[in-house]
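# Structural characterization, general
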Amino acid sequence: MATNEGKRIRAAREGIESVKLYGIQDAVKLVKERAKAKFDETIEISMNLGVDPRHADQMVRGVCNLPNGSGRTLRVGVFARGAKAEEAKAAGADVVGAEELFEIVNGGTIDFDRCIATPDMMPLVGRLGKVLGPRGMMPNPKVGTVTMDIKAAVAAAKGGAVEFRVEKAGIVHAGIGKASFDEAKLVENIKAFADSVSKAKPTGAKGTYIQRIAISSTMGPGVKVDPSSVLAG
C-alpha cells in the first residue's frame, strides 16, 4: 500500500517530463506550483559544470548578490578589532570579536552563518581552518569575505549574497529564493546566479562549461532547465 509520502511525491511529479528541458519561466512555474510544504520552501538551483575541481585551474568559486535577496536571514560573524569592529556592529553584524571570538569558535561554538574578517585578522582566523573549512565558512578575498570594507561585506551578506563553490562531482548548488517569491523575481535571481557562475569559468575548463541546470523546491521534484533560457540575455 502506498504511503502518504509516496502519494505526495507521485502527485508532485505529475506533469513534469523527466527528460524535457524547460524554459526558465515554465520551470519556475512548475516548481512553485509543487511547493506545497507547510513552510516557505527554498528554491534551489543545481548546475553541472564541465570541470574537474581536483585540478587547481578548474576550481570554480565566487559570490552572487541576488537582486531580490535569498529570503533567508543570515547571522554574520566578523573578526575585527577597534574601529573596524565598531563598523561591523554598526552595519548589523551579529557576532564581532578578535581573540575572544577565536576561542569561542575554536571551542566548537559557531553562532553565525557567514564569516567575514579584516586582512590583519587572517593569521588568527587561519588557525580555525579545521573548524570553519569543512563548513565552507573560511573567509576568502575571492568572495569578498576578507576585506577592509566591512560595512559593504556585512550589507551584502545580509542582503542576499550567495557564495558558491564547485563540489567534487563538478556540481554547484545554492538556494536562490523562496517559494513565496513571485515568478519574475525567482527568474531574475536564477539568471543572476547563473551569470555569476558563468563569469567564474576557470582557465582550465574545456568543452561545454555549463552542461546541465535543474531547479527544485526543498520538498519538491527537480525540473530540468534549458541552459540557453537562463544564460541568454
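Now for a description of the structure that goes with this document.

What counts and how
Residues numbered from 1 in each chain as written. Predicted model: local features only at pLDDT ≥ 70, side-chain atom pairs only at ≥ 80, totals over all residues. Heavy atoms only, no water. Helix = DSSP H or I, 4+ residues; strand = E, 2+ residues; numbered from the N terminus. Rg over C-alpha atoms; globule rule 2.2 N^0.38 Å. Buried < 20%, exposed > 50% of the residue type's maximum accessible area, 1.4 Å probe, protein only. Contact = heavy atoms within 4.5 Å. Areas by Shrake-Rupley, 256 points an atom, 1.4 Å probe, with all protein chains shown as cover. Lys, Arg positive; Asp, Glu negative; His and termini not counted. Charge placed at Lys NZ, Arg CZ, Asp CG, Glu CD. Pairing = 2+ DSSP bridges. Axes fitted to C-alpha atoms, helices over the stretch in contact; angles between N-to-C directions. Salt bridge = Lys/Arg side-chain N within 4 Å of Asp/Glu carboxyl O.

### Some words on the overall build of the chain
Assigned secondary structure in the chain consists of 9 helices and 9 strands. At 19 Å, the chain has a C-alpha radius of gyration in line with the 17 Å of a compact globule built from 233 residues. Once the C-alpha set of the chain is aligned to its principal axes, its extents read approximately 60 × 45 × 35 Å. Expressed as a percentage of the 233 residues in the chain, the buried residues total 45%. Considering only residue pairs separated by 6 or more positions, the chain has 73% of its internal contacts joining residues 24 or more positions apart. Total accessible area computed for the chain in this model is approximately 12100 Å², and 51% of it derives from carbon and sulfur atoms. Charge separation in the chain, taken as the distance between the mean sites of 34 positive and 27 negative side-chain charges, equals 4 Å.

### Notes on the pairing of strand β5 (residues 114-117)
Of the two faces of β5, the one lined by Arg114 and Ile116 and the one lined by Cys115 and Ala117 are each fully buried. Looking at chain direction, strand β3 (residues 76-79) and β5 are connected through 4 bridges and run parallel. Residue pairing across strands places valine 76 opposite arginine 114, the latter belonging to β5.

### Some remarks on the sheet that holds strand β7 (residues 171-178)
Taken in spatial order, the 4 strands of this open sheet run β7-β1-β8-β9, and their pairing is antiparallel. Only two strands of the sheet have a single neighbouring strand rather than two, namely β7 and β9 (223-225). When the angles between neighbouring strand axes are averaged without regard to direction, this sheet yields 25 degrees. Contacts from helix α8 (residues 183-199) reach β1 (42-49), β7 and β8 (210-217) within the one sheet, and its direction differs from that of β7 by about 155 degrees.

### Some details on the sheet that holds β5
Sheet strands pair by backbone hydrogen bonding; their relative direction is either parallel or antiparallel. If you walk across this open sheet you meet the 3 strands as β4-β3-β5, and the pairing is parallel. For this open sheet the edge positions go to β4 (95-97) and β5, each flanked by a neighbour on one side alone. The average undirected angle you get between the axes of adjacent strands in this sheet is 15 degrees. Across 3 bridges, β3 lies against β4 in parallel orientation. Residue pairing in the sheet places glycine 77 in a bridge with valine 95 of β4. Docked against the sheet, helix α4 (residues 99-106) engages β3 and β4, running at close to 120 degrees with respect to β4.

### Side note on the pattern of salt bridges
Where charged atoms from two side chains of opposite charge come close, those side chains can pair. Within this structure, the stated rule accounts for 13 salt bridges. Among the ionic pairs, arginine 75 bridges to aspartate 94, the shortest N-O distance being 3.7 Å. Linking arginine 75 in the loop between β2 (61-65) and β3 with aspartate 94 in the loop between α3 (82-91) and β4, this pair joins segments that are 19 residues apart in sequence. The exposure class of arginine 75 is partly exposed, given its relative accessible area of 32%. Here lysine 84 makes a salt bridge to glutamate 87, at a shortest N to O gap of 2.9 Å. In this pair, lysine 84 and glutamate 87 are both assigned in helix α3, 3 residues apart and thus about one turn of the helix distant. On the basis of relative accessibility, which here comes to 22%, the residue glutamate 87 falls in the partly exposed class. Overlapping salt bridges, with partners in common, bring together Arg75, Asp94, Asp111 and Lys158 in one network.

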